[in-house]
Each structure stands twice: as structure tokens, then as C-alpha cells.
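# Report on the structure
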Amino acid sequence: MCGIIGYIGPKVAYPILLTGLKRMEYRGYDSAGISTISIEDNQRAVNIVKKQGKVSNLENKQTELQGNLGLAHTRWATHGQPSELNSHPHFNDDKSLMLVHNGIIENYLTIKRNLEQRGYVFHTQTDTEVLTKLIDYYHKKCKQKLSTTLQNYEQKKDPLELALRAALHDVVGAYGIVLFHKDTNKLYAAKHGSPLVIGIGKNEHFVASDPAAFLDHTRRVLYLEDEDIAIIKENSYELKSLCSHNGECIKRKEDLVDWDITAVEKNGYEHFMLKEIMEQPQTLANCLAGRLDPQFNDIKFTLKLTLNFIKNIKRISIIACGTSSYAAMAGKFLIEKYLRIPTEVEVASEWRYKNPIISKDDLVIVISQSGETADTLAALKLAKQFGAKTFGIINVVGSTMSREVDSGIYIHAGPEICVASTKAFTAQVLCLNFLLIKLGKIRGDLTETQIQRMISNLLNTPELVKQSLNNIEQIKAAANLIKDKQSIFYLGRGINFATAKEGAIKIKEISYIHAEDFASGEMKHGPIALLEKGFPVVTFVNKNDPLYEKNLSSIQEAKARGAYIIVVADHIDSTLQSYADTILQVPKVPDYLQPLINTIPLQLLAYYTAKLRGCEIDQPKNLAKSVTVE
Ligand code: G6P
């Protein structure tokens, strides 16, 4: 949801900014812009190029964008349609102040009206232009005030820093912003809700929404926290808090990014999505690594919860959005079945506003690939306010959620670049199994034998996923059969209702075919009216499922109306062959691993269908990977 990068140092800024934007294009890709400061004959000039569409439209602009200081932005429109005019950076009237923004300023209309009364004119429909001009307004005021003050210490103050503070105090909403002023060699950054990270190089600094943007220059990073203001120069940076009026500097521990740039490259694959699907045996192996006890009787990770709390958990709430919420549904099924703890799953955007029932005996689990999704983050903060214990299942190391939760587990899937999530989902399901075993062991809900069996099955997941990735030719044939359809049903029962949801969203997101998911038993209560000859229905049959017969009945109901049946199954026999038009075979696994295994052919089905339809697979229309606004 918008990618930001800024650079200050001895190198030419433009190529660094352009590469950084390309690496963050997954965050938004409807328009992009770059601005730099160049110096010629001691004259400082601000340069700016903005384009509607992809970041590649900013290529070959080195002559227009000279200089060693700059900032850049790739946009996912919130206020105002995607256009060159609405794209970032935004600026004041004389173009001395340039600003890029990720987030939403909720009270921008009120601020805009006030500024209009003071003579400001607005040219775009964006909230960002309003924020830029608000800072400009305070900047002019502060400069005037400081030039008339007689006190020395006042004169040492930086008027732009004061203006930034004043403006951000007026603002309601979320922001990650980077700005510069033509007359100073500094970048200013501030964060509230949207991620920003400083990259610390040798005599150079970077600031971006994601460290991937600058990882070929430095791995040394400092993650900004909410209410931080950073003033970044070539050789140093200062960190301050918006909450402190004295402007004293804060010291915070730096981090080292532990993955390298190959993780964010395609490595020979045509699309990031295919690469990310194919690397699942490895990402799951990474997720398992070091966490399993050699005796197969425990999972190693820290649950910062007392024994007493764990034994008396009254309820678990799992809160997430999108694909992560489908992993959550699988988790609910498992926790209720094996631990008998009442568990609710709710999408964060609903939960946070429903005045949820939260008590101190509740465990609130958040699941998020990015660790930045605005609704999930707000839900997490709400849960903490009410005194619930919180636990995170998160991919991005150092993300805001990972720092907010009481305890948690990283899924170690590595950077996921394709907007449609694949490897994060399977690793999330694996981590939910870890949590299941951990809680089951402590509470005594699972026997030692059960735990040993479960752990040994979990250890097999990389190999089982490898086997599930073997069906490519058959999946391509199924994709060919559904590629021109208007609509598809995904039906699932029990834990595979979550898999059905994940399968349906995958095909919607990247192939734009309408797809709906239903609990299999619900089809007859309405959706069946839509079935007709050739209507594709995707579902699951697992031989040892206690509801095996019922799954076959659902298929029969659809088949009787002429539906085209695609079954993900762990066996092939004459019964199944008589029911299904296409069988996508996967290895036989217990229910707690079924969403992880059964989802693999559905990821590939979505991928190959989208490819046959000529869709933009990694960057589907209207979507963004990391939704840091409401
Ligand atoms: C966006 C993405 C989805 C993702 C969802 C939740 O909508 O397009 O792929 O599942 O956000 O993201 P999170 O990072 O919180 O898992």
C-alpha cells in the first residue's frame, strides 16, 4: 500500500530510488514519482518526474533527476484516482518542499478548508497535498517566528522540524512520510501506523517502507516506531519523538536484516507467484528448523504466558485479514477439536468495531504476513488495551505487529512479493500446528503419543508439499477447462472450508474469475440455483475423513445439475472417478495438515488460469500487498 524510499549520500540518488521503487512495486503500482535536489554553479534546484502507471515509466530519466538527495513513491490510490497529478511527491507552491506519504489523513477536509481560508489553493484530490501544504504553512510561520526571536537557543532550532511537529499534531490518521526542503541537506521522516525503516550505510542513509528497497547497499537498519521523527543526514541520523516537546534525541537499537537480495528476485521464474509456490518445501523447512525437539515431544518457541493462564484460557480469538484469516479458520477448527477451547475467528475490520467481548483470561492471536495490516494492528492494540494476552503469527521480522504482541512466532517464509499470498499461508498453518501442540502439551489435552505422531508428521511437510507440486500438467489441463468460465464454486467441509476459502480468493485475486466459497452443506440452501451444465465446482475428498460419504453426496448434488467437478483428493479409486471430472491428487495427511497440502494444487490452478487469461499475475488490478490503511 504505497512504497516510499529516500536517499542521501555521495552517490547519484536516481538509480537507487528507481531500483528501490521496483522492489516495492508490490505495495502499489498505479502511479509513481521521484524528486531530487541537484546543485549546479552553487544553485540548488528541485527536480521532479511523475508518471501514471508502473514504475518502469520512470526509467531513463537520469538527465532530469540529477543529485545526491531524493525521495520517491509508488502509489496505491486512496484519495483521488490514479493520475500523474495525484501521484506523489506532492509539493508547495514554489516546489521547495517535497513530500511522499503512505497512509490516510482522515481529517484532511477540515485542514484543507482552514488552509483555503488562509489563501492556499489545491490542485489535486489527495490528502497528501493537504499535509504538504499544512507543513508549508507552519514552516513559513516558524521561520518568521525564529527570525524575530532574540533567544539564541531558539535560533538553533530547525524550522522545518518544528513545522513537521506542529502539522503532525493537527493530523488524525495514518502516515509514513518522507520529505525534504530545497534549502537543506536533510531528509525528514515520520511514522504513525505505516511502516518506515532507516538503512544505515557508510556515509549514506536510506529510508523506505521495506528494507528490500535498499538491501543491496546495507543490511544495517533501524525500524521507526509510531510517533518517531527522524532527521536524516549523509553521515548521521537523529531520532526524536513527536510526544516530546523538547526535541531530545532517542537512542534505539539497530537491527541487521538476515536475508539477502536474492530473496526478492525472481531467480529465473516468470513470476514471483510461481517462485513463491515452488519454494514452499524450503520455506516450510525453514519454519520447522530448530523448533522441533529431537525427542519429538515438544516444539521450541517462547510463549510468554504463565502456566496458570494457559491452563485457564477461557477463549481464544484469532484476528486477521484476507488469506491470513483463512489460516485462522483452520486454526480455530484445530484448537476446538483438539484442545476444546472455544475459539472465534473474525476479520479484523469487523472485530475492532464491534465492541468485542475481551477478558483478561482470553488469548488474542493475530495472524499477518506483513505485520502491518492496519485493521489487524488496530485490533491488536484494542486487545492489549482490554488486558488480553496477545500472540502473533507473523512473517515480516521487525514489523509493527511483531513489536506490539506480548509473544509470538515468526513463520520464516522470507519476503513474499506477489500480492496474492501463497507461501505465507502454508507457513501460517504450520505455525498454528506448533501452537496447537505447545498448548496441548502444557494443558495436557494431547497425549505424548499424539504429540510425537503430530511432530513427526509436521517434519514431513516439506517432502509432502514437494509431492503436491508434481501435478503440473494435470493442473494446467484443469486451468484450460476453467479459463473462460464466468464463475466457480469452492466447496469445503470442516477444516477444508478454510481451504475452500483460500482457493476461491486465490483465483479471484489473480484471474478475476468470480469465485465463491461455501461450506459444502450450504450449497443446497441457495447457491445450487446457479449451477448449470459445465459450471466448475472445486472441492476436496480425503479418504479417512469421517464425513467422506457426505462429501461425495455434495459432489453428487452438483454433478446432477451438470456441474464440472474438480476434486482435490488423497486417493484415486473407481468411486471417485465416477464422481469427478478432474482429480488433483495430493498425499494422504491427517486433518491438521490438510489445508496446508490441499491448498497447493489450488494455488497452481489459480496461477495457470491467470496465465492463460493473460492477467498481470504478480500485481493484480486494484490490490495491494500490505494494506496499511483502513
Ligand atoms: C491484502 C493482501 C492479501 C493479504 C491481506 C492480509 O489484502 O492482498 O494477500 O492476505 O492483505 O495481509 P497480512 O499481511 O495481514 O497477512
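This text goes with the structure placed above it.
All values derive from a computational prediction rather than experimental measurement.

Taken in spatial order, the 6 strands line up as β5-β6-β7-β8-β12-β13 in an open sheet, and their pairing is antiparallel. The sheet is open, and its two borders are formed by β5 (90–91) and β13 (237–241), each paired with just one other strand. In this structure, β5 lies alongside strand β6 (residues 97–105), joined through 2 bridges in antiparallel fashion. Residue pairing in the sheet places F91 in a bridge with M98 of β6. Packed on one face of the sheet, helix α5 (residues 159–170) meets β6, β7 (173–181), β8 (187–192), β12 (228–232) and β13 and runs near 160° to β7.

Further remarks concern the site of the ligand. Surrounding the ligand, one finds 14 residues, the nearest of these being S324, S368, Q369, S370 and T373. Between an oxygen atom of the ligand and a main-chain N or O atom of T323, the distance comes to 3.0 Å. Taking S368, its side chain carries an N or O atom lying 2.6 Å from an oxygen atom of the ligand. Examining the composition of the shell around the ligand, we find that 3 residues originate from one element, helix α9 (residues 322–339), more than from any other. Classifying every residue of the shell around the ligand by side-chain character gives 4 nonpolar, 8 polar and 2 charged.

Under the definition given, this model contains 40 salt bridges. Across the salt bridge formed by D158 and K186, the nearest N and O atoms sit 3.1 Å from each other. Here K186 lies in the loop between β7 and β8 and D158 lies in the loop between α4 (152–155) and α5, a separation of 28 residues in the sequence. Relative accessible area serves as the criterion here: at 19%, K186 is assigned to the buried category. A salt bridge links R220 to E254, with the nearest nitrogen and oxygen atoms 2.9 Å apart. Here R220 is found in strand β11 (residues 220–223), whereas its partner E254 is found in the loop between β13 and β14 (255–256), with 34 residues between them in sequence.

Let us look at the pairing of strand β3 (residues 43–52). Sheet topology note: the strand β2 (residues 31–40)/β3 ladder contains 10 bridges and is antiparallel. Directly across from I34, in β3, lies its bridge partner V49. Connecting β2 to the antiparallel partner β3 that follows it, the hairpin turn spans 2 residues, and D41 within it adopts a positive phi of roughly 50°.

Moving on, we come to the side chain of S87. Relative to the helices and strands, S87 resides in the loop between β4 (69–75) and β5. Every residue in contact with S87, bar those within four places of it in the chain, is listed here: S31, A32, K50, K51 and R75.

Cis rather than trans, the peptide bond between H88 and P89 has omega equal to 0°. Here P89 is to be found in the loop between β4 and β5. Phi angles above zero are rare outside glycine, and N355 is one such case at about 55°. Considering the arrangement of structural elements, one finds N355 in the loop between α10 (348–351) and β17 (362–368).

A separate point is the environment of I565. Tracing the chain through its elements places I565 in strand β23 (residues 564–569). Separated by 70 residues in the primary sequence, I565 and I495 have C-alpha atoms spaced 20 Å apart.

Time to look at the packing of aromatic side chains. Summed over the entire model, instances satisfying the criterion amount to 8 aromatic pairs. Summarising the aromatic geometry, the rings of F489 and F518 are spaced 5.0 Å apart at their centres and angled 80° between planes, so their arrangement reads as edge-to-face. Of this pair, F489 sits in strand β20 (residues 487–492) while F518 sits in strand β21 (residues 514–519), and the two are 29 residues apart along the sequence. Judged by relative accessible area, which is 0%, F489 ranks as buried. Through a chain of ring-to-ring contacts, the aromatic side chains of Y7, F206 and F214 assemble into a single cluster. A cation sits over an aromatic face here: K95 above F91, 5.0 Å from the ring centre.

Across the interface, helix α2 (residues 108–117) lies against helix α3 (residues 127–148) with an axial gap of 9 Å and an inter-helix angle of 45°. Relative to α3, α2 is oriented oblique. In the packing of α2 onto α3, the handedness of the crossing is left-handed. Together, Y108, I111, K112 and L115 of α2 and D127, V130, K133, L134 and Y137 of α3 make up the contact between the two elements. Across the contact of α2 with α3, the residue classes tally to 6 nonpolar, no polar and 3 charged.

Moving on: the packing of helix α13 (residues 423–443) against helix α20 (residues 594–612). Relative placement of two packed helices is described by the angle separating their axes and the distance separating the axes. It is the contact of α13 with α20, at a shortest axis distance of 9 Å, that shows an interaxial angle of 175°. Relative to α20, the element α13 is oriented roughly antiparallel. In this structure, α13 uses F425, T426, V429 and L430 to contact α20, whose residues at the interface are P595, L596, T599, I600 and Q603. Split by residue class, the contact of α13 with α20 holds 6 nonpolar, 3 polar and no charged.

Here the focus is the nonpolar core. If you look at the biggest cluster of nonpolar residues, it comprises 125 residues, and the most contacted ones within it are F434 and Y490. Looking at which element gives the most residues to this core, the answer is α13, with 12 residues. Once residues within four sequence positions are removed from consideration, F434 is found in contact with C287, L288, R291, I299, F301, I409 and L458.

All right, on to helix α7 (residues 280–288) then. Within the span of α7, buried status applies to Q280, P281, T283, L284, C287 and L288. One face of α7 carries all of its buried residues, which in axial projection span an arc of 165°. Packed against the buried residues of α7 are α6 (272–278), α13, α14 (448–459), α15 (461–468) and α20.

Its location among the elements puts T373 in the loop between β17 and α11 (374–385). Using a relative accessible area of 14% as the deciding quantity, one classes T373 as buried. Separated by 180 residues in sequence, T373 and G193 place their C-alpha atoms 9.2 Å apart. Once residues within four sequence positions are removed from consideration, T373 is found in contact with C321, S368, M401 and V627.

Calculation notes
Residues numbered from 1 in each chain as written. Predicted model: local features only at pLDDT ≥ 70, side-chain atom pairs only at ≥ 80, totals over all residues. Heavy atoms only, no water. Pairing = 2+ DSSP bridges. Helix = DSSP H or I, 4+ residues; strand = E, 2+ residues; numbered from the N terminus. Contact = heavy atoms within 4.5 Å. Axes fitted to C-alpha atoms, helices over the stretch in contact; angles between N-to-C directions. Near = heavy atom within 4 Å. Polar contact = N/O pair within 3.5 Å; in protein donor to acceptor, adjacent residues only side chain to side chain. Nonpolar A, V, L, I, M, F, W, Y, C, P; charged D, E, K, R; others polar. Salt bridge = Lys/Arg side-chain N within 4 Å of Asp/Glu carboxyl O. Buried < 20%, exposed > 50% of the residue type's maximum accessible area, 1.4 Å probe, protein only. Phe/Tyr/Trp six-rings, centres within 6.5 Å; stacked < 30°, edge-to-face > 60°. Lys NZ or Arg CZ within 6 Å of the ring centre and 35° of its normal. Parallel < 35°, antiparallel > 145°, perpendicular 65-115°, else oblique. Left-handed = near helix turned anticlockwise from the far one by under 90°. Core = buried A, V, L, I, M, F, W, Y, C linked by side-chain atoms within 4.5 Å. Arc of directions from axis to C-beta.

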